[in-house]
Amino acid sequence: MALRTPMKKTQIGSRDLLANGGGCPVEVFCRLRPPKQNNNDEETDNSSSSVRISSSTELTLYSSENAKNGQIRESHYEFSHILTDDVSQSAAFKELAIPLLDDLIQGKNSVLFTYGITGSGKTYTMMGPLSNPGLIPRSFDVLFNSIGSYLGKEYLLRSDRQNGYEIQTEADILLERQRKEIQMAKNNNNQRGKMPETTNTRILDMTSIWNAQLNENCSYFVFVTFVEIYNNYIYDLFDDDILNKAPQSKQLRDDNRGRPYIRDVKEIEVRSSEEAIGLLNMGLKRRRIAHTQLNTESSRSHSVLSMRLVQYHNDIPMTSLTKDDLITSTIHLVDLAGSERVNRAKTVGERVKEASNINSSLMVLRQCFEILRENQAQCTSKMVPYRESKLTSFFKSYFDGEGRIRMILCVNPTADGYEEIQHALKFGELTKDVMVPRALPPPPPVPPKMNRGHVALREIDNQQQQPSAPVLFTEFNAQALIAPFPSLEYSLLDGVGDDEAMLTLEQHLRRRIDERHRLNILIHEQHDYLHKFTFELVSDYDSTISDHDELAKENEQQSKAIRHLQTRIKLLEKSQNDFYKTTNQMERENKTLKSKIEDRNNEIKASKAERRKDKIDFENKLKIKINELEQQYLNELKTREIQMRELERQHDDKLNIIRSMAATANTPTNENVYQNPLSVRKRCPSEERILQEASGQSPSPRQAPAVPPKRFRM
Ligand SMILES: Nc1ncnc2c1ncn2[C@@H]1O[C@H](COP(=O)(O)OP(=O)(O)OP(=O)(O)O)[C@@H](O)[C@H]1O
């Protein structure tokens, strides 16, 4: 049984491989960002440095501000290749990613980092805008242009979430398909009414890779994972959990071959580049939402997109396909967080913690490269501190030769300060000098020749195998090795010279030779079995040890957390006691205040009752007074009436006198004189006055009766 996954054990020893000429350098590319077109751009104004390219691999950095001694500062750097600011996205992709995709199809692994200060163009290089896509979208395009016609049966493979794949039965495949269809229907329902996202404006890369390893007789499967490392915690961007206010971080584990993987990470099979980009956009959207919820910045985290290609030879019938027949290869595309220092970014509070976490993880990356370089240059074996950050722990096996490492150093010469650029360039140059063991090519994806009998046998084998039994050990046959070997029959030597005896001797010797040959093969086979068995045992042992270490670490961390929590509980208990005391005190004060309020309320009630009584007294007095006044007025009114009547009567009298006088005046004078002696008598003064009034003369004004004004007392 062949172990066909292209994995090289880390325990083999990177130094041995390097010593045997199996090393290859970390490739570092420098990509310069063009200045912004806008002339008012602040970045251009603040420029304190400039870059001059001397050749396709060398550049010089100048400072536009003089150093203390008055000299212009300059420093010189060399890289694997320099991509000037006029290099297009498509050209950059061809230079940086096509060789890695070629490796991927050949079953080899690789990792590509973008490193640089914030705003230097890392995300532009990785993702790019829709109209000018970067490495990730183009990689998906080109991968599917190349292997799209040879995709294997959908859902045949499923990630076991432990860095491997399970082979699904027909029933599982059907179930999975139904599950996905239901999910899609749900999504469509949710999407109904919403504006569709505009993905149709994306420019597609039509490049396709052909290489000798692209075997048309193979079936290919593409899986994707997308995670971010933020504050030294790993979060799965495909996990719905990421949208929670407190998303769960994922743990790193070593698989049974010593390769680190993210436990329980969601690995999704994709069938086209559109599907992959859709997923990627969903991940980025979730990342933005999660960071908005947590009030953090997404550019302060490292993001890792992993594309995994799984292949197997079509000659292997699906029913007898096993995990060992699968060849897996991966490209990790890593967009590192900005490498600026805390002071430069003017960070405060939570941001300082973020910045120092970023700095420390980038610092550990730098230290790993530094120590690797030192170990290689001086033949020392200093321990490389991979485990000090999640980023380096995850890529540990790459430093030991699991695959090719490339780094793109992004630089914005017109905006970033001289020292910051110098820092980044120095890191790039240091990295370039590091050698990593060359990844061993995987065995070609050609299946062992099997006839129908073999296949049938294999299926019977599969049925008989206990799932938990170590497969290789069951194949070890010690009995066969100690089976009796035909001994040399010396009696046959007696007949030497006789043709027949010679023939018998020859046959006997041939049998012995054949038997020896068969035994040799058997020994080799058994040796191989034992070797692999031991290898698996060692791997198991290593992973158990690393699990144990991890658990011990976790245990220690949890004990620390428990101690911390106990201290907090004590503090909380103390403050709770204080709180109780204060509450009791306040309750007492509250009671006193309540009784005071009650007294006051009683006083208020009494005073209200008194007032009400006063009011009633007053109203009664008022009524009496009003009655008195009414009586007084009525009396006065009566007096006036009497006076008026008197006046009226006097008036009538006067009128009568006037009438009689008028009647006297109209009769003949003599007769009247004789008949009415009054007509000649002298008139009294009142008659005189009445006469005057009647003849139109104004009488002297009469005095109004002097009535004093009445005053009312209430
Ligand atoms: N090669 C380039 N050509 C044109 N524009 C570029 C290039 N590189 C970067 N830019 C522009 O520069 C700006 C900043 O780039 P980008 O967001 O990629 O920086 P970054 O290094 O990823 O920053 P951060 O660390 O904050 O994520 C963007 O507007 C981008 O469009």
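Worth saying up front: this structure is predicted, and the values here are computed from it rather than measured.

1. Describing the overall build of the protein
At step 1: From N to C terminus, the protein includes 18 helices and 18 strands.
At step 2: Taken over 714 residues, the protein has a buried fraction of 37%.
At step 3: Long-range contacts, defined here as pairs at least 24 residues apart, represent 74% of the contacts in the protein between residues at least 6 apart.
At step 4: Total accessible area on the protein stands at roughly 43600 Å², and carbon and sulfur atoms take up 53% of it.

2. With respect to the side chain of E176
At step 1: With respect to the helices, strands and loops of the structure, E176 is situated in helix 7 (residues 170–191).
At step 2: A relative accessible area of 18% places E176 in the buried class.
At step 3: Among residues more than four places away in sequence, those in contact with E176 are Y155, R158 and Q168.

3. Points about the environment of T380
At step 1: Looking at where T380 falls in the secondary structure, it is placed in the loop between helix 9 (350–378) and helix 10 (390–394).
At step 2: Here N375 takes part through its side chain, which lies 2.9 Å from a polar atom of the side chain of T380.

4. Observations regarding the site of the ligand
At step 1: The environment of the ligand is made up of 13 residues, and the closest members are T118, G119, K122, T123 and Y124.
At step 2: Between the ligand and S120 there is a distance of 3.1 Å, counted from an oxygen atom to a backbone nitrogen or oxygen.
At step 3: Taking K122, its side chain carries an N or O atom lying 2.8 Å from an oxygen atom of the ligand.
At step 4: Within the complex, the protein chains bury 71% of what would otherwise be the 630 Å² of accessible surface of the ligand.
At step 5: No other element matches the 3 residues that helix 5 (residues 122–126) contributes to the shell around the ligand.

5. Structural notes on the environment of L135
At step 1: For L135, the position within the fold is in helix 6 (residues 135–147).
At step 2: Note: C-alpha distance between L135 and T125 (10 residues apart in sequence) is 6.3 Å.
At step 3: With sequence-adjacent residues up to four places away left out, L135 is seen in contact with A92, F93, L96, A97, L112, T125, M126 and I408.

6. Things to note about the UniProt feature "binding site: ATP" (unreviewed entry) in the protein
At step 1: Listed under "binding site: ATP" (unreviewed entry) in the UniProt record, and renumbered for this structure, are G116, I117, T118, G119, S120, G121, K122 and T123.
At step 2: Relative to the elements of secondary structure, T118 occurs in the loop between strand 7 (109–116) and helix 5.
At step 3: By relative accessible area, which is 6% here, K122 ends up buried.
At step 4: Not counting the four nearest positions on each side in its chain, K122 is found in contact with T114, Y115, G116, I117, D335, L336, A337, G338 and C410.

7. Topic: the pairing of strand 10 (residues 218–230)
At step 1: With 13 of 13 residues buried, strand 10 is to be regarded as a mostly interior element.
At step 2: Residues C218, Y220, V222, V224, F226, E228 and Y230 point to one face of strand 10 and S219, F221, F223, T225, V227 and I229 to the other, with burial holding for every one of them.
At step 3: Pairing of strand 10 with strand 14 (residues 268–270), which is carried by 3 bridges, proceeds in the antiparallel orientation. Looking across to strand 14, one finds that V224 is bridged to I268.
At step 4: One ladder, built from 4 bridges, connects strand 10 with strand 11 (residues 233–236); its direction is antiparallel. Looking at strand 11, one finds that I229 is bridged to I234.
At step 5: Here strand 10 folds back onto strand 11, and the loop between the two strands holds 2 residues, one of which, N231, carries a positive phi near 50 degrees.

Each value, and the rule that gives it
Residues numbered from 1 in each chain as written. Predicted model: local features only at pLDDT ≥ 70, side-chain atom pairs only at ≥ 80, totals over all residues. Heavy atoms only, no water. Helix = DSSP H or I, 4+ residues; strand = E, 2+ residues; numbered from the N terminus. Buried < 20%, exposed > 50% of the residue type's maximum accessible area, 1.4 Å probe, protein only. Contact = heavy atoms within 4.5 Å. Areas by Shrake-Rupley, 256 points an atom, 1.4 Å probe, with all protein chains shown as cover. Polar contact = N/O pair within 3.5 Å; in protein donor to acceptor, adjacent residues only side chain to side chain. Near = heavy atom within 4 Å. UniProt positions renumbered as here; feature names shortened; annotations may be inferred. Pairing = 2+ DSSP bridges.

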